[in-house]
Amino acid sequence: VAAASAVLHDVWGYDAFRGEQADVVETVVRGGDALVLMPTGGGKSLCYQVPALVREGTGVVVSPLIALMQDQVDALSALGVRAGFLNSTQQPHQRRAVEDAYLAGELDLLYLAPERLRVRETVELLDRGTVALFAIDEAHCVSQWGHDFRPDYLRLSMLHERWPEVPRVALTATATDQTHAEIAERLQLEDARHFVASFDRPNIQYRIAPKDKPREQLLDLLRTEHEGDAGIVYCLSRSSVEQTAQFLVERGVTALPYHAGLDRQVRARNQSRFLREEGVVMVATIAFGMGIDKPDVRFVAHLDLPKSVEGYYQETGRAGRDGLASTAWLAYGLADVVQQRRMIDTSEGDAAHKRRLTAHLDAMLALCETVGCRRVQLLNYFGQASQPCGNCDTCLTPPESWDGTVAAQKLLSTVVRLDQRGQRYGVGHLVDILRGKATPRVTQLGHTSLSTFGVGTDLSDGAWRGVARQLLAAELLGVDTDGYGTLRLTADSASVLRGERQVRLRRESSTVARTRAPRAR
Ligand code: ADP
Ligand code: ZN
């Protein structure tokens, strides 16, 4: 253990281990297995890099992040650590050089893409040298229901079978109980020591805003709070990545696009500009970001609703790794709920799979619609209790709630009345009916004669959309699979219509409530 502290100091220049690091390092140095759940930026790398230097032999790191291996090796080399990698991007002679270094005992760390272990030569190569430990990075990739599943990760239980005496450390920033259990089981780490760090990131201010004109809202955020800052903007589709990047560039922001449909070289160039230059805004799909270690990302913005809290947490976790105040901002609206419910309905996969997707979405929606502290809700999802943080939008500007039962009944009974005529419509048309707008369409369809025509003049269009969104989020209202976003009743709608169920709703502010500037930690 003294040796570990010396390595930490001499190689990295750090004074002390952080949090769980010391215990993990000690466990692995002594030859024990460890399963480490630590948030992004928590310092997972040192948990295997230090033991690899202390123990005899080479630390073998299995990582899916092929695009980052060169960067990781360069960073280690700069510290004087002897590191190399083996993946499919290399020329045979480059691979040979790394293999020779390993066999000569001249490597402290060897990064391996998981598919390398499919090849018998790799297994034999490892046998001919000395393995100090196996590190399984991004271990949640073994979870078949997670968003980053890699089939080759399932094979990693072979490490234990083939080299039972070599300690293993699996690491991830994804930490629901379910993923945790799945990693332990699939990687045969039940007997390992489990280290679960706090998932709180106090320097990140979480904010979820009603979506109105998302690009304008984003621009406003950048100009008022994050002028010249580096940040990531996540969009759901490739086309909206392109459009958003262009929108920002036209308004003087240094923004670059990143998605899987772009040419590989363009992607690599944009990624490297983001990492090396200051103040670059990366507009990306979720294809971007895993393993990106840029300490001064000051904001992460989502223009579309993430599919799960895990995904949201990982993506927002890329902000503020340096511990300084940062913003996680999400624009969320009715269309997001409609779109995602429909995507689940029309997705391939069996009923169990759809139920899982629905459960993920519901947890995300609960986070969006909560009137309580976002951080409490987020940490609670990861099984960690906490107190209201005072540094999220709902803590800073507590939303009011109101009894929306009657409004819900008005909206749902309009859906019923249309249904009786064999008709289904989207939100816009429903709101027109409720607000008593005799538009040409409403008149032509004879909807001015519906008994609910004009019963909702007390609420604004925006307020009605807020009601509809919250009913959708709570599954008191459903979306058709026809692709037009038309609305239908759900199994739970009847209890509202019969007055057996009270509906409490969040009051929507017509403008985007601006919270005060983020606090430093
Ligand atoms: P993770 O992989 O968990 O996202 P990293 O291993 O990349 O996190 O560490 C995040 C940052 O914290 C890095 O810049 C790293 O150098 C720094 N760091 C980690 N441990 C320590 C420590 N004990 N003392 C000082 N800095 C540390
Ligand atoms: Zn809070």
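Computed from a predicted model, the values in this text were never measured in an experiment. (Residues numbered from 1 in each chain as written. Chains lettered and ligands numbered in written order. Predicted model: local features only at pLDDT ≥ 70, side-chain atom pairs only at ≥ 80, totals over all residues.)

Quick look at the overall build of the chain now. Broken down by element type, the chain carries 22 helices and 17 strands. In terms of C-alpha radius of gyration, the chain reaches 26 Å, essentially the compact-globule figure of 24 Å for 521 residues. If one aligns the C-alpha atoms of the chain with their principal axes, the spans along those axes are about 85 × 45 × 45 Å. Burial statistics for the chain: of 521 residues in total, 45% are counted as buried. (Helix = DSSP H or I, 4+ residues; strand = E, 2+ residues; numbered from the N terminus. Rg over C-alpha atoms; globule rule 2.2 N^0.38 Å. Buried ≥ 20, exposed ≤ 12 C-beta atoms within 10 Å, placed from the backbone.)

Here glutamate 138, not a glycine, exhibits a phi torsion of approximately 50°, which is positive. One can find glutamate 138 in the loop between strand S5 (131–136) and helix H7 (151–154). For glutamate 138, a count of 22 C-beta atoms within 10 Å corresponds to the buried category.

Structurally, tyrosine 111 is set in strand S4 (residues 109–112). Along the sequence, tyrosine 111 and glutamine 70 sit 41 residues apart, while their C-alpha atoms lie 9.5 Å from each other. With residues up to four places along the chain from it excluded, the contact list for tyrosine 111 reads Val61, Ser63, Met69, Gln72, Val73 and Phe85. (Contact = placed C-beta atoms within 7 Å.)

Here the focus is the packing of helix H18 (residues 405–420) against helix H19 (residues 427–434). It is the contact of H18 with H19, at a shortest axis distance of 10 Å, that shows an interaxial angle of 110°. Viewed along their axes, H18 and H19 adopt a mutual orientation that is roughly perpendicular. Our pair here, H18 against H19, has a crossing hand that is right-handed. For the pair H18 and H19, the contacting residues are Lys410, Leu411 and Thr414 in the first and Leu430, Ile433 and Leu434 in the second. Tallied by class, the residues present in the contact of H18 with H19 amount to four nonpolar, one polar and one charged. (Axes fitted to C-alpha atoms, helices over the stretch in contact; angles between N-to-C directions. Parallel < 35°, antiparallel > 145°, perpendicular 65-115°, else oblique. Left-handed = near helix turned anticlockwise from the far one by under 90°. Nonpolar A, V, L, I, M, F, W, Y, C, P; charged D, E, K, R; others polar.)

Right, let's get into the packing of H19 against helix H21 (residues 461–473). Direction vectors running N to C along H19 and H21 enclose 125°, while the axes themselves pass 10 Å from each other. As judged from the angle between their axes, H19 and H21 are oblique. Judged by the sense of rotation from one axis to the other, the crossing of H19 with H21 is right-handed. Facing Val427, Val431 and Leu434 of H19, the residues of H21 in contact are Asp461, Trp464, Arg465 and Ala468.

Before going further, it helps to spend a moment on the sheet that holds strand S13 (residues 326–332). What the six strands build is an open sheet, ordered S8-S13-S12-S9-S11-S10; its pairing is parallel. Of all strands in the sheet, those bounded by a partner on one side alone are strand S8 (204–210) and strand S10 (255–258). The average angle at which neighbouring strand axes cross in this sheet is 15°, direction not considered. Where S10 lies against strand S11 (residues 281–284), four bridges are found, and the strand directions are parallel. Each bridged residue has a counterpart across the sheet, and for alanine 255 the counterpart in S11 is valine 281. Sitting on the sheet, helix H12 (residues 264–276) touches S10 and S11, and the angle it makes with S10 is about 135°. (Pairing = 2+ DSSP bridges.)

Turning next to the sheet that holds strand S7 (residues 193–196). With parallel pairing, the seven strands of this open sheet are ordered in space as S3-S4-S2-S5-S6-S1-S7. Two strands bound the open sheet, and with one partner strand each, they are strand S3 (83–86) and S7. In this sheet, neighbouring strand axes are inclined to one another by 20° on average, regardless of whether the strands run parallel or antiparallel. The pairing of S5 with strand S6 (residues 168–172) spans three bridges and is parallel. Opposite isoleucine 136, over in S6, you have alanine 170 as the bridge partner. Its contacts with the sheet place helix H5 (residues 92–103) against strand S2 (58–62), S3 and S4, and it is angled at close to 130° to S3.

Below, the discussion takes up the confidence of the model for the chain. Atomic detail in the predicted coordinates should be set aside for any region of low pLDDT. In this model, the chain carries an average pLDDT of 92, and 97% of its residues clear a pLDDT of 70 or more. Every residue in residues 510–521 scores below 50 in pLDDT, and together they form 24 contacts with partners more than four places removed in sequence or on other chains. Here the predicted complex carries an ipTM of 0.97, next to a pTM of 0.79. (pLDDT = per-residue confidence, 0-100.)

Of the two faces of strand S12 (residues 299–302), both are covered, the one formed by Phe299 and Ala301 as well as the one formed by Val300 and His302. One ladder, built from four bridges, connects strand S9 (residues 231–234) with S12; its direction is parallel. Its bridge partner being in S12, isoleucine 232 is matched across the sheet by valine 300. Summarising the sheet, S12 and S13 pair through four bridges and their orientation is parallel. Of the residues in S13, the one forming a bridge with valine 300 is alanine 328. In this view, the connection linking S12 to its parallel neighbour S13 by way of helix H13 (residues 309–316) has right-handed handedness. (Right-handed = clockwise from strand over helix to strand, strands pointing away.)

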